[in-house]
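Here is how the chains run, residue by residue.
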Amino acid sequence: MNGAQHILQAFNRHQIETVFGYPGGCIMPLYDALVDAENVEHVLCRHEQGCALAADGFARASGRLGVCIATSGPGATNLITGVANAHRDSVPMLVITGQVPSALIGTDAFQETDVLGMALGIVKHSYLVTDAAELPAIMEEAIALAQSGRPGPVWVDIPKDILLTDVSPAAITPAPTATTAPADISDALALLSKAQRPLLYSGGGVSLAGAEESFRNFAGQSGIPGVVTLKGIGNHDRQDPFYLGMLGMHGSRAANLAVEACDLLLVIGARLDDRATGKLDGFAPNARVIHIDADAAEFHKLRKADIAMGGDLSRLMAQFATAINAAPLAIDDWQQQCRNWCATKGFQAADNDEPEAPISGPSFVRQLSRITSDDTVIACDVGQHQMWVAQHYRFNHPRHHLTSGGLGTMGFGMPAAIGAQFACPGKTVINVSGDGSFMMNAQELATIRRYRLPVKLIVMDNQCLGMVRQQQELFYDNRESQINLDDNPDFVAMARAFDIPAISIQRSDQIRRGIETILAYDGPMLLHVAIAREDNVWPIVKPGGSNRDMLDESSQRTPGIRQPNGENPSTNAKETAA
Amino acid sequence: MNTPHQHHIHCEMNPEPAAIERLCQVIRVRGFQVTAMTAELRGSRWEMTFTVEGTRAVAMLQSQLEKLHTVTQVRTDAETEAEPARRLA
Ligand SMILES: Cc1ncc(C[n+]2csc(CCOP(=O)(O)OP(=O)(O)O)c2C)c(N)n1
């Protein structure tokens, strides 16, 4: 068995049945072996970035390992954005690239790039295989490492000669699973019992740890109000009366007010990202902090925690729930306060009842949320539409909301939806995109067509790079710079060119019909939604500002909301804050 | 701006093609500057010492280094204030 065949055997052993890739010179031995592979479906995307992002979407939607494959040189460099995306959001991913033959490494050979060096900062770990005998152990280790602890991408770069060399795998002994004693949570419980205004602040770490259920139990049984990060959306039960929504730059006023007022913050599976916390000085100024996370390097990184706890999140949540059941908290006033905030300062968006009115982004998303079923998966792109989805779509599970959080990668949505549809063939998967983002990986329409994936594509078209336009309007004196997209292609014709049916809507009274039409169609379909160019995402905290200084629609007309750093806009016109 | 401090870091690591780069990159990205280093392959282990300067807490750097898969041990010495001539701009 050669190295390439061994890789496929490792896939089989780990029940890796779907991989996303693109062939080329140095990875040809693996593609040759794929011809005879029985249990591996190889999905040919149309760009390596599409492969990596599809593998990412596959992993996010399912919790399983995403795998992508590319050749050396341009194949590997094209993967970079997708791998960085997975790294920033801790997505378990295995990346396999061919490399030029060992003897040619360092000679500037055709399609040689130093992949190992290039990818160091965007992987959990990486390998350059220098000895065929080590390949079996490296594959085992890479697959395990990508999924253990805080997950992330692991990159294995394999010279072509090693793919062709005989490897005789030593017997693989599965690593023993570590058992840990229950954690001592007494200090944390002592803090909790004294708190009058405790608040849960949960993030993507909850679902990464498979702790969705135990988190909900704890939240439900304790009655502690909760806010979530962008990646924590879906952590709370939709019916949870004390759930305040997303916090941060585009969070709800209710969530940001609660963070400001709380006296104890329980940070669970989150890393206190700057888009969530705003300026740190003003963040939860009155609170003590209990930080629970799988990655100890996150503790005290940005905010000193009074108590930091690593370990199995699911088990910890169960321990907390048991303890709280035995000694319930008396926080009625605080709960009532949070409910009031929720009712008066949550995300509001009035549906426009006037049939002829142009479509507003938030109201479209709210209707989408009402019409789609509970287990629909939404893969977003990046921009205003992404924030409207985060604010107004009512998710019931964190794995139903696929969004590029840490990296904010335009072009994420369509490939991620492709990956999600492979991972969850029975579910409705919708890509909600903007007209800018859609064009970043539009080539993947060909992948949707080829595999007849029933992915629904929604393009919210405001004929501009909306999020950048909004920040230019608010913080750069309305000096629009390179955001105009009024020469967009005809998206309907474009989809049809890929044999994907498409319709377009422009008025509020067409929203329901439009959504129902694409959902009812048995196959992929695109809905082009013309929305107002001027729509903004509200509220907004200016970049670098404190969450308490949220701006809303009334501030739009207030002169003097200017540069994020307070400087004169004219000296800094080239900076982009988005 | 905070005064930069000097720290000594001792690191042990399994050999791998990118061992030294991996460490140096983390040190740089996390906000420290290497002012001196030694590295020696002893048997099956890299032993490295770094003198670094930076304004951030060295504990933060230590926990990032410990996270690296091939790093087996990290020790940091008590910090000393960097000599004025060496201070970062
Ligand atoms: C690859 C990439 N390039 C640039 C950006 C900066 N950026 C953030 S949002 C945005 C505009 C997105 O426009 P569109 O997809 O049309 O969405 P809208 O904001 O209009 O809803 C840009 C350019 C980015 N996040 N990703």
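Just so it is clear, the model here is predicted, and its values are computed rather than measured. (Residues numbered from 1 in each chain as written. Chains lettered and ligands numbered in written order. Predicted model: local features only at pLDDT ≥ 70, side-chain atom pairs only at ≥ 80, totals over all residues. Heavy atoms only, no water.)

## Quick word on the overall build of chain B
- When you go through chain B residue by residue, the secondary structure sums to two helices and five strands.
- N-terminal to C-terminal, the α/β element order of chain B is β-α-β-β-α-β-β.
- Relative to its full complement of 89 residues, chain B shows a buried share of 42%.
- Partitioning the contacts of chain B with sequence separation of at least 6, the portion at a separation of at least 24 is 72%.
- Carbon and sulfur atoms provide 48% of the accessible area of chain B, an area that totals close to 4800 Å². (Helix = DSSP H or I, 4+ residues; strand = E, 2+ residues; numbered from the N terminus. Buried < 20%, exposed > 50% of the residue type's maximum accessible area, 1.4 Å probe, protein only. Contact = heavy atoms within 4.5 Å. Areas by Shrake-Rupley, 256 points an atom, 1.4 Å probe, with all protein chains shown as cover.)

## Side note on the site of the ligand
All names here are of chain A.
- Of all residues adjacent to the ligand, which total 17 residues, the nearest are Q384, G408, G436, S437 and G466.
- Between the ligand and Q384 there is a distance of 2.8 Å, counted from an oxygen atom to a backbone nitrogen or oxygen.
- For the ligand, an oxygen atom lies 2.9 Å from a polar atom in the side chain of N462.
- Protein contacts shield 80% of the accessible area of the ligand, which totals 590 Å² for the unbound molecule.
- Classifying every residue of the shell around the ligand gives seven nonpolar, nine polar and one charged. (Near = heavy atom within 4 Å. Polar contact = N/O pair within 3.5 Å; in protein donor to acceptor, adjacent residues only side chain to side chain. Nonpolar A, V, L, I, M, F, W, Y, C, P; charged D, E, K, R; others polar.)

## Considerations on the sheet that holds strand β18 (residues 525-530) of chain A
Residues and elements named next belong to chain A.
- Taking strand neighbours across the sheet as the criterion, the six strands line up as β14-β13-β15-β16-β18-β17 in an open arrangement whose pairing is parallel. Lying at the two open borders of the sheet, with one neighbouring strand each, are β14 (401-402) and β17 (502-505).
- Looking at chain direction, strand β15 (residues 429-434) and strand β16 (residues 456-461) are connected through five bridges and run parallel. Considered in β16, the bridge of G434 is made with M460. (Pairing = 2+ DSSP bridges.)

## Comments concerning the sheet that holds strand β2 (residues 41-44) of chain A
Residue and element names in this part refer to chain A.
- Pairing is parallel across the open sheet formed by six strands, whose spatial order is β2-β1-β3-β4-β6-β5. Across the chains shown, the open sheet's two edge strands, defined by having one partner strand only, are β2 and β5 (125-128). The average angle at which neighbouring strand axes cross in this sheet is 20°, direction not considered.
- Strand direction decides the pairing type here: β5 and strand β6 (residues 153-159), joined by four bridges, are parallel. Counterpart to S126 in the pairing with β6 is W155.
- Relative to β6, helix α6 (residues 135-147) is tilted by about 160°, and along the sheet it contacts β4 (93-99), β5 and β6. (Axes fitted to C-alpha atoms, helices over the stretch in contact; angles between N-to-C directions.)

## Side note on the UniProt feature "domain: Thiamine pyrophosphate enzyme N-terminal TPP-binding" (unreviewed entry) in chain A
- According to UniProt, the feature "domain: Thiamine pyrophosphate enzyme N-terminal TPP-binding" (unreviewed entry) maps to residues 1-116 of chain A in the numbering used here.
- For residues 1-116 of chain A, the end-to-end C-alpha separation is 26 Å, with 43% helix and 17% strand making up the annotated structure. (UniProt positions renumbered as here; feature names shortened; annotations may be inferred.)

## What to know about unusual backbone geometry
Residue and element names in this part refer to chain A.
- Omega for the bond connecting W538 with P539 falls within 30 degrees of zero, at -10°, which places this linkage in the cis form.
- Tracing the sequence through the fold places P539 in the loop between β18 and β19 (540-541).
- Non-glycine residue S90 carries a positive phi angle of around 55°.
- In this structure S90 comes out as buried when scored by relative accessible area, which is 5%.
- Positioned with a positive phi, D108 is a non-glycine residue whose angle comes to about 60°.
- Note that D108 resides in the loop between β4 and α5 (115-119).
- Accessibility expressed as a relative area gives 73% for D108, which makes it exposed.

## Details of the nonpolar core
Residues and elements named next belong to chain A.
- Core analysis: the biggest nonpolar cluster contains 54 residues, and F20, C68, L79, V83, W155, F438 and I448 have the highest contact counts within it.
- Here this core gets eight residues from one element, more than from any other, and that element is helix α3 (residues 48-62).
- The residue makeup of this core includes at least three contributed by each of domain 1 (3-164) and domain 3 (361-530).
- Other than its neighbours up to four places away in sequence, I448 contacts M414, I418, L453, V455, L457, I500 and P524. (Core = buried A, V, L, I, M, F, W, Y, C linked by side-chain atoms within 4.5 Å. Domains from an automatic or database assignment.)

## With respect to the state of the cysteines
Residue and element names in this part refer to chain A.
- Going through the model one piece at a time under the given rule, you end up with zero disulfides over all chains.
- In this structure C338 is not part of a disulfide, and its nearest cysteine sulfur, from C342, lies 8.3 Å away.
- This cysteine, C464, is not joined by any disulfide, and C380 carries the nearest cysteine sulfur, 18 Å off. (Disulfide = S-S within 2.5 Å.)

## Topic: the pattern of salt bridges
- Going through the model one piece at a time under the given rule, you end up with 23 salt bridges over all chains.
- Among the salt bridges present, the one from K301(A) reaches E298(A), with a minimum N-O distance of 3.0 Å. (Salt bridge = Lys/Arg side-chain N within 4 Å of Asp/Glu carboxyl O.)

## Describing the packing of aromatic side chains
Residue and element names in this part refer to chain A.
- Across all of its chains, the model carries eight aromatic pairs over all chains by this definition.
- Measuring from ring centre to ring centre gives 6.0 Å for F20 and F58, while their planes differ by 65°; the resulting arrangement is edge-to-face. On the criterion of sequence distance, the pair formed by F20 in strand β1 (residues 18-21) and F58 in helix α3 is long-range, its members being 38 residues apart. The same class applies to F20 as to F58, namely buried. (Phe/Tyr/Trp six-rings, centres within 6.5 Å; stacked < 30°, edge-to-face > 60°.)

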